[in-house]
Amino acid sequence: MTHVEDELTSQPECWAHAAAEVAHHGGALPAPGERVAIVGCGTSYFMAQAAAALREGSGQGETDAFAASEFPPGRRYDRVVALTRSGTTTEVLDLLGALKGRTRTTAITADPDTPVVAAADEVVVLDFADERSVVQTRFATTALTLLRAHLGLHDDTVVADARTALGRALPDGLVECSQFAFLGRGWTVGLANEAALKMREACLAWTEAYPAMEYRHGPISITTRGTATWMLGDAPEGLEDQVRATGGLWVAGGLDPLAELVHIQRLAVAVAAARGLDPDRPRHLTRSVILAP
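First things first, this report covers the structure right here in the doc.

Quick notes on the rules
Residues numbered from 1 in each chain as written. Predicted model: local features only at pLDDT ≥ 70, side-chain atom pairs only at ≥ 80, totals over all residues. Heavy atoms only, no water. Helix = DSSP H or I, 4+ residues; strand = E, 2+ residues; numbered from the N terminus. Rg over C-alpha atoms; globule rule 2.2 N^0.38 Å. Buried < 20%, exposed > 50% of the residue type's maximum accessible area, 1.4 Å probe, protein only. Disulfide = S-S within 2.5 Å. Pairing = 2+ DSSP bridges. Right-handed = clockwise from strand over helix to strand, strands pointing away. Core = buried A, V, L, I, M, F, W, Y, C linked by side-chain atoms within 4.5 Å.

## Things to note about the overall build of the chain
Right, so step 1: In terms of regular secondary structure, the chain is built from 10 helices and nine strands.
Right, so step 2: A compact globule built from 293 residues should have a C-alpha radius of gyration of about 19 Å, and the chain, at 18 Å, falls within 12% of that.
Right, so step 3: Across its three principal axes, the chain shows a C-alpha extent of roughly 55 × 40 × 40 Å.
Right, so step 4: By residue count, 55% of the 293 residues in the chain fall in the buried class.

Written out as structure tokens, the structure reads:
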């Protein structure tokens with residue numbers, strides 16, 4: 001078993017752990033009414049997109065998401081939350097340094113012995129969800145689960161759905177597809193972006209991600225036999241029929257969308273195996289991006 005496989009299968013337990021201890025971190029996480037930005041890089045950025053949409057959609061306050069390198073320096077927030085598994089990513093540390101003494105900051109990380117601990121005002125450590133792999137799975141979803149639970153949007157069915165996703169067979173013909181598109185709405189747009197990234201990283205697949213309503217505005221033109229379109233959450237009316245009419249494979253996500261992401265992580269590993277690739281050694285990637293001064 002690869003590190004990626006081992007780690008992704010532990011997600012139900014990690015999510016339950018995070019949800020159980022969320023009350024211990026309440027002071028470090030955004031309070032209702034705060035104006036908040038959530039930042040990250042790569043996978044963490046896509047989790048930030050999902051968390052921001054969930055928080056603002058639940059009425060807890062204006063919430064934006066940015067890649068750490070694209071944070072608007074003139075914009076003011078009550079708090080900036082940084083997601084960083086390694087605690088060493090250059091763009092995140094640079095941003096936290098620039099905000100020091102000006103904006104309250106919280107870092108959610110997997111490693112307590114890294115520079116982010118000193119860079120942020122408050123730190124939440126999810127060391128039980130740390131990973132050996134380059135390709136992120138459980139830390140990212142556990143951080144998002146913590147934030148969902150803090151918003152009151154997590155329950156036991158999410159964990160149960162994750163276990164279902166680990167045991168459910170992949171749809172026939174999916175592994176053999178040559179191209180994959182992932183669609184989301186609201187908070188699941190971030191999950192769709194992350195699903196596409198997982199497929200690129202782990203198995204070098206040609207993947208795209210879109211807000212579901214945008215799929216008709218051009219992207220559907222590449223859909224045909226041998227391609228797959230996976231919907232995370234509820235699909236817009238009529239879209240499934242339109243995709244099926246092209247000859248493409250439609251995958252309807254019937255589980256909690258975060259659990260659907262677990263199913264897609266399994267797909268990435270399966271496609272890697274079919275293509276003779278090692279998902280623990282993704283091409284051109286390292287566990288953390290640390291730039292020279």
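## Considering the state of the cysteines
Linking two cysteines covalently via their sulfur atoms produces the bond known as a disulfide.
Right, so step 1: Within the structure shown, the criterion is met by zero disulfides.
Right, so step 2: The thiol of Cys-203 is unpaired, and the distance to the nearest cysteine sulfur, on Cys-177, comes to 12 Å.

## Thoughts on the pairing of strand 4 (residues 104-109)
Right, so step 1: Taking burial as the measure, the six residues of strand 4 include five buried ones, the bulk of the element.
Right, so step 2: Direction of pairing for strand 3 (residues 79-84) relative to strand 4: parallel, over a ladder of six bridges. Bridge pairing links Val-80 to Thr-105 in strand 4.
Right, so step 3: Crossover connection from strand 3 via helix 4 (residues 90-99) to parallel strand 4: handedness right-handed.
Right, so step 4: Sheet analysis places strand 4 next to strand 5 (residues 122-125), joined by four bridges and oriented parallel. If you follow Ile-108 over to strand 5, its bridge partner there is Val-124.

## Overview of the pairing of strand 3
Right, so step 1: Most of strand 3 is tucked away, with six of its six residues classed as buried.
Right, so step 2: Sheet topology note: the strand 1 (residues 36-40)/strand 3 ladder contains four bridges and is parallel. Residue pairing for strand 3: Val-39 is matched across the bridge by Ala-82.

## With respect to the nonpolar core
Right, so step 1: Formed by 62 residues in total, the largest nonpolar core has its most connected members in Ile-108, Leu-144, Phe-180, Phe-182, Leu-191 and Met-199.
Right, so step 2: The dominant element in this core, judged by the number of residues it contributes, is helix 10 (residues 257-274), at nine residues.
Right, so step 3: Counting 16 residues, the second largest nonpolar core, distinct from the first, contains Ala-37, Ala-68, Val-80 and Leu-95.

## Brief notes about unusual backbone geometry
Only a minority of non-glycine residues have a phi that is not negative, and only a minority of peptide bonds are not trans.
Right, so step 1: A positive phi angle is found at Leu-204, which is not glycine, with a value near 60 degrees.
Right, so step 2: Among the structural elements, Leu-204 can be located in the loop between helix 8 (188-203) and strand 7 (206-211).

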